[in-house]
Amino acid sequence: MGLRLAVAIALFMTICAQSVHGLLYKYMEYIVITSKEALLPYLPTIKRAKVLAVDTETTGLDPHTARVRLIQLAGAGFPILIVDCFAYPPGDIAVIKELLEGPNVKIFQNAKFDLQFFMKWGIRPAPVFDTMLASRLLQSSGGPPRSGLAALASHYLGEDVDKGEQTADWGGELREAQLLYAARDVDVLPRLREAMVRELYANQLARIAQVEFACAHAVAEMEYNGVCLDSDRWAQLAARTEKERDAALDALREYAGAPVTQMSLWGDGVVMNHNFDSNQYVLELLRSHGIEADATSKRVLSAHAGHPLIQAIGAYRKAAKSLSSFLYPIPQMINKKTGRLHPHYMQIGAWSGRMSCGGPNIQQIPRDASFRACFVAPPGKNLIIADYSQIELRVAAQISGDARMIAAYSRGEDLHALTASLVSEIDIGDVTPAQRQAAKAVNFGLIFGMGAAGLQQYAQQSYGVDMTLEQAEAFRNGFFRAYPGVAEWHRRVRGDRRDDGRTLFGRKFLFGGSAGLAGRYNTPVQGTAADIAKAALGELSRRLAGTGAIAGARIIAAVHDEIILEADEGAASEAAADSLKSTMERAGAEALRDVPCVADVEISQSW
């Protein structure tokens with residue numbers, strides 16, 4: 001009987017605890033604010049608060065077409081405030097701006113979303129603590145794999161957060177359940193930040209967290225501002241590419257024979273016996289013309305690069321991919337209200353810290369001038385384009401500590417020409433353009449541990465440099481003789497079997513099972529380069545928002561180690577270029593203590 005009673009009491013207590021937890025949420029104290037007069041009494045307390053949790057509920061996801069319905073505020077010393085923006089007079093927005101731009105830390109979950117909506121009103125909340133970004137930094141230190149608010153509250157606080165109202169209609173009359181949902185979302189943020197701050201410090205991630213939080217402003221600005229596409233020039237490029245695809249198809253049909261067509265139910269002619277997008281069909285076509293291959297990848301086919309059939313396959317694939325991945329879909333992504341493209345960035349898109357992008361993925365736009373010329377400055381503006389000079393090689397020099405490489409950069413020497421002279425054992429003044437081009441492949445390929453065969457293929461595919469396997473082997477041996485510090489770094493990495501690593505900014509990353517040696521060389525280098533670019537973006541956003549802001553200057557895109565601004569023509573563009581260059585180089589100096597960081601900048605009407 002005693003055991004049954006104990007079990008019953010324990011069950012009763014569990015049910016009560018769960019019920020009380022639900023009641024706390026149900027009767028959570030919040031006040032709906034519909035006027036400046038209702039908000040003013042809380043202003044002194046909010047200003048004194050060390051941290052201020054902020055959340056919004058909007059009528060949609062696009063800040064250019066949707067509206068903010070609610071702004072929720074939580075902090076010490078005052079009840080949860082829910083500002084109903086549909087009732088709150090637009091002319092009194094200055095009070096909200098004053099409290100959101102105070103010195104206290106603003107806590108957001110996915111800050112870039114809310115920041116874009118505040119940009120519409122000219123409000124820039126800072127400094128920021130983003131629980132979503134913090135969670136992604138902590139994933140390599142035992143944090144949960146998901147970064148949603150419910151997952152974070154459960155993991156770090158042991159609390160349940162119901163997201164059932166997330167997709168509710170926020171444009172009409174609000175239900176009590178919606179107000180409770182809005183209050184609960186902001187109420188949990190201060191406790192969540194407190195727990196996550198402890199974890200960030202414990203895992204030595206405080207500095208990189210500062211970088212990511214500051215960068216959130218720049219990412220929000222890039223998404224909100226977007227880029228301008230010359231639609232007419234883009235259409236002309238699509239038409240030219242269609243002709244290139246059709247010419248490549250004609251060349252392929254000389255090997256495959258005349259196509260057989262059959263009328264579809266809709267009256268279209270459908271090719272029945274040709275499928276140049278099928279790997280199996282292409283393999284059979286190759287073998288029928290004496291080309292033995294076990295796959296149709298670019299790497300495999302590069303061994304037969306001189307054959308006209310291989311050239312026709314390459315030309316067809318290049319044109320078909322350009323059309324399907326870029327030329328056809330991207331015009332459909334132009335925002336109807338702004339007339340611009342607004343790519344979406346995932347700020348921590350990879351373990352290395354690099355950003356990823358979509359809608360469209362501007363980071364994968366071909367580097368061909370014909371593509372990039374379509375991204376233009378609007379009338380009265382210029383594009384200010386800057387990229388880091390050989391940033392990954394400079395980071396590798398810093399990480400490896402190679403004395404010769406560091407000395408070359410310190411003296412401002414051309415590292416590609418130096419490598420060409422060292423591996424070919426000739427005077428640097430005698431290096432030809434072809435030898436320097438080959439040295440680029442050697443530098444960028446071997447720094448991450450390519451073998452001779454990989455270098456041979458990489459040189460041909462990426463730089464158009466043909467070399468025999470014997471030449472590739474000679475280049476490889478010469479490279480590691482020339483840069484013994486790099487060779488020693490590679491030996492250290494091969495002997496270190498830890499599952500994690502750090503960038504020079506302290507970002508922690510995990511090596512996946514398939515990372516291999518190349519990944520172990522590459523990730524800290526690529527990650528540090530990403531950290532440098534993000535540090536520059538965060539500082540740049542702060543500078544452009546300051547009192548000395550440059551006329552018309554705003555961040556519109558970032559493509560790995562490249563940052564693009566838009567600024568007014570004339571002196572404003574020159575000032576923006578100077579500011580961009582100095583900011584980028586200063587950000588690099590924090591990590592590259594022994595290697596100069598150089599950013600090249602230009603002013604142009606197109607990318």
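*Asks:* I'd like a rundown of the overall build of the chain, residues and numbers included.
*Replies:* Regarding its fold elements, the chain presents 23 helices and 18 strands. The principal-axis extent of the C-alpha atoms belonging to the chain is close to 80 × 75 × 70 Å. Within the chain, the fraction of its 607 residues that count as buried is 49%. Expressed as a percentage of contacts within the chain between residues at least 6 apart in sequence, the contacts between residues at least 24 apart total 65%. A total of about 28000 Å² of accessible surface is found on the chain, and carbon and sulfur atoms cover 53% of it. Of the side chains in the chain, 63 bear a positive and 67 a negative charge, and the two mean positions are spaced by 4 Å.

*Asks:* Describe in detail the environment of Glu37, supporting the description with residues and values.
*Replies:* Mapped onto the fold, Glu37 is located in helix 2 (residues 36-39). Residue classification places Glu37 among the exposed residues on the basis of a relative accessible area of 53%. Residues Glu37 and Tyr156 lie 119 residues apart in sequence; the distance between their C-alpha atoms is 37 Å.

*Asks:* Tell me about the nonpolar core, residues and numbers included.
*Replies:* Formed by 164 residues in total, the largest nonpolar core has its most connected members in Leu73 and Tyr388. Sort the elements by how many residues they give to this core and helix 8 (residues 176-202) lands first, with 11 residues. Leaving out residues up to four positions away in the same chain, Tyr388 has contacts with Ile532, Ala533, Ala536, Asp561, Met584, Glu585, Ala587, Gly588, Cys597, Val598 and Ala599.

*Asks:* Pulling in residues and values, what's your account of the confidence of the model for the chain?
*Replies:* With 93% of its residues at a pLDDT of at least 70, the chain reaches an overall mean of 91. In this model, residues 5-27 is a region of pLDDT below 50 whose contacts with residues beyond four sequence positions or in other chains number nine contacts.

*Asks:* Tell me about the sheet that holds strand 17 (residues 562-568), and please be specific about residues and values.
*Replies:* Strand order in the open sheet formed by four strands is 16-17-13-18, and the pairing between neighbours is antiparallel. Across the chains shown, the open sheet's two edge strands, defined by having one partner strand only, are strand 16 (554-559) and strand 18 (599-604). Across the sheet, the mean angle from the axis of one strand to that of its neighbour is 20°, orientation sign disregarded. Bridging between strand 13 (residues 381-388) and strand 18 involves six bridges; their strand directions are antiparallel. By the bridge assignment, Asp387 is partnered in strand 18 with Asp600.

*Asks:* Kindly report on unusual backbone geometry, identifying the contributing residues and their values.
*Replies:* Residue Pro127 is bonded to the preceding Ala126 through a cis peptide linkage, with omega at -5°. Its location among the elements puts Pro127 in the loop between helix 5 (111-119) and strand 6 (128-130). Of note, the bond from Gly359 into Pro360 is cis; its omega dihedral lies within 30 degrees of zero at 0°. Counting through the fold element by element, Pro360 comes out in the loop between strand 11 (356-358) and helix 14 (369-372). With phi around 50°, Gln390 is a residue other than glycine that occupies positive phi space.

*Asks:* Can you lay out helix 16 (residues 403-410) for me, pointing to particular residues and giving the numbers?
*Replies:* Residue pairs spaced three or four apart in an α-helix point in one direction, given the helix's 3.6 residues per turn. Of all the residues in helix 16, the buried ones are Met405, Ile406, Ala408 and Tyr409. The buried residues of helix 16 occupy an angular sector of 160° when the element is viewed end-on, so they sit on one face. The inward-facing, buried residues of helix 16 contact helix 15 (391-400), helix 17 (415-424) and helix 21 (484-495). Capping of helix 16 at its N-terminal end is provided by Asp402; its side-chain oxygen lies 3.2 Å from the backbone amide nitrogen of Arg404. Positive phi appears at Gly412, one or two residues downstream of helix 16, with a value of about 75°.

*Asks:* Let's hear about the packing of aromatic side chains: which residues, and what values?
*Replies:* Applying the stated criterion to the full structure yields 15 aromatic pairs. Where Phe118 meets Trp121, the ring centres are 6.3 Å apart and the plane angle is 55°; that geometry is what we call tilted. When its relative accessible area of 0% is taken as the criterion, Phe118 is described as buried. In this structure Trp121 comes out as partly exposed when scored by relative accessible area, which is 31%. Summarising the aromatic geometry, the rings of Phe276 and Tyr316 are spaced 6.3 Å apart at their centres and angled 65° between planes, so their arrangement reads as edge-to-face. Pair noted here: Phe276 is in the loop between strand 9 (269-271) and helix 11 (279-288) and Tyr316 is in helix 13 (residues 308-327), with a separation of 40 residues, a long-range link. Classification of Phe276 as buried rests on a relative accessible area of 9%. Cluster of aromatic residues (ring-pair linked, three or more members): Trp234, Phe326, Phe371, Phe375 and Trp607. Note that Arg67 overlies the ring of Phe86, its terminal NZ or CZ placed 4.1 Å from the centroid.

*Asks:* Give a detailed account of the environment of Arg372, specifying residues and quantitative values.
*Replies:* Its relative accessible area of 7% is what places Arg372 among the buried residues. Those residues within four positions of Arg372 in sequence are excluded, and the remaining contacts are Ile365, Pro366, Arg367, Glu562, Ser606 and Trp607.

*Asks:* A description of the side chain of Asp84 should follow, citing residues and the corresponding values.
*Replies:* The topology assignment puts Asp84 in strand 4 (residues 78-84). In terms of polar contacts, Asp84 uses its side chain to reach the side chain of Arg69, at 2.8 Å. Apart from residues lying up to four places away in sequence, Asp84 is in contact with Val32, Ile33, Thr34, Arg69 and Leu70.

*Asks:* Give a description of the sheet that holds strand 2 (residues 51-58) that names residues and reports values.
*Replies:* Here we have six strands laid out as an open sheet, ordered 1-4-3-2-5-6, and mixed in their pairing. Whereas interior strands pair on both sides, the edge strands pair on one side only; in this sheet they are strand 1 (30-33) and strand 6. On average, adjacent strands in this sheet sit at an angle of 25° to one another, irrespective of strand direction. Bridge count for strand 2 against strand 5 (residues 105-108) is three bridges, and the pairing is parallel. Pairing of Ala53 across the sheet is with Ile107, part of strand 5. Together, strand 2, strand 3 (68-75), strand 5 and strand 6 form the strand contacts of helix 5, whose direction differs from that of strand 2 by roughly 75°. Along the sheet face, helix 6 (residues 131-138) touches strand 5 and strand 6 and points at about 55° away from the line of strand 6.

Parameters at a glance
Residues numbered from 1 in each chain as written. Predicted model: local features only at pLDDT ≥ 70, side-chain atom pairs only at ≥ 80, totals over all residues. Heavy atoms only, no water. Helix = DSSP H or I, 4+ residues; strand = E, 2+ residues; numbered from the N terminus. Buried < 20%, exposed > 50% of the residue type's maximum accessible area, 1.4 Å probe, protein only. Contact = heavy atoms within 4.5 Å. Areas by Shrake-Rupley, 256 points an atom, 1.4 Å probe, with all protein chains shown as cover. Lys, Arg positive; Asp, Glu negative; His and termini not counted. Charge placed at Lys NZ, Arg CZ, Asp CG, Glu CD. Core = buried A, V, L, I, M, F, W, Y, C linked by side-chain atoms within 4.5 Å. pLDDT = per-residue confidence, 0-100. Pairing = 2+ DSSP bridges. Axes fitted to C-alpha atoms, helices over the stretch in contact; angles between N-to-C directions. Arc of directions from axis to C-beta. Polar contact = N/O pair within 3.5 Å; in protein donor to acceptor, adjacent residues only side chain to side chain. Phe/Tyr/Trp six-rings, centres within 6.5 Å; stacked < 30°, edge-to-face > 60°. Lys NZ or Arg CZ within 6 Å of the ring centre and 35° of its normal.

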